[in-house]
Amino acid sequence: MLLQLLTALAALAGAACSLLAEGSGTGAVTGILPFTAGGFIYLGTVSVLPEILRNSGPAQALLQLLALLAGVAMMLLIAHYE
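Predicted, not measured: the structure shown is a model, and the values here were computed from it.

Cut-offs applied
Residues numbered from 1 in each chain as written. Predicted model: local features only at pLDDT ≥ 70, side-chain atom pairs only at ≥ 80, totals over all residues. Heavy atoms only, no water. Helix = DSSP H or I, 4+ residues; strand = E, 2+ residues; numbered from the N terminus. Rg over C-alpha atoms; globule rule 2.2 N^0.38 Å. Buried < 20%, exposed > 50% of the residue type's maximum accessible area, 1.4 Å probe, protein only. Areas by Shrake-Rupley, 256 points an atom, 1.4 Å probe, with all protein chains shown as cover. UniProt positions renumbered as here; feature names shortened; annotations may be inferred.

(A) Representation of the overall build of the protein chain. A count of helices and strands for the protein chain gives three helices and zero strands. Scanning the protein chain from its N terminus toward the C terminus, one meets helices and strands in the order α-α-α. What you see for the protein chain is a C-alpha radius of gyration of 16 Å, clearly larger than the 12 Å of a compact globule of 82 residues, by over 25%. Each principal axis of the C-alpha distribution contributes one length, and for the protein chain these read about 50 × 40 × 10 Å. Looking at the 82 residues of the protein chain, the share that counts as buried comes to 7%. As displayed, the protein chain has an accessible area near 6,700 Å², and 77% of this comes from carbon and sulfur atoms.

(B) Local environment of the UniProt feature "transmembrane region" (unreviewed entry) in the protein chain. Per the UniProt record, the feature "transmembrane region" (unreviewed entry) sits at residues 31–49 and 61–81. Helix makes up 100% of residues 31–49 and strand 0%. Its end C-alpha atoms lie 27 Å apart. Helix makes up 100% of residues 61–81 and strand 0%, with an end-to-end C-alpha separation of 30 Å.

(C) Here's a closer look at the UniProt feature "signal peptide" (unreviewed entry) in the protein chain. According to UniProt, the feature "signal peptide" (unreviewed entry) maps to residues 1–17 in the numbering used here. Annotation note: span residues 1–17, helix share 94%, strand share 0%, distance between end C-alpha atoms 24 Å.

(D) Representation of the environment of L76 within the structure. Checked against the element boundaries, L76 lands in helix 3 (residues 58–81). Classification of L76 by relative accessible area gives exposed; the value is 60%. Residues L76 and L19 lie 57 residues apart in sequence; the distance between their C-alpha atoms is 24 Å.

Here it is in structure tokens:
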């Protein structure tokens, strides 16, 4: 429960930082977006990917890996054209 409290406090601190950085212009956005995208990629590769590979066959694992890579590609496209 203590770790859950720590996670909730970190989420609250992140929300407060993003609200404070909202009016500071593009400098804050260029620093926050890569950090956030990296967090999502980390979660996808470290926690979800082993679960996918353990519970499915090779063809299903390949399709899910391609879907994960497509999600990363979409994040790159959004960041590039935004």
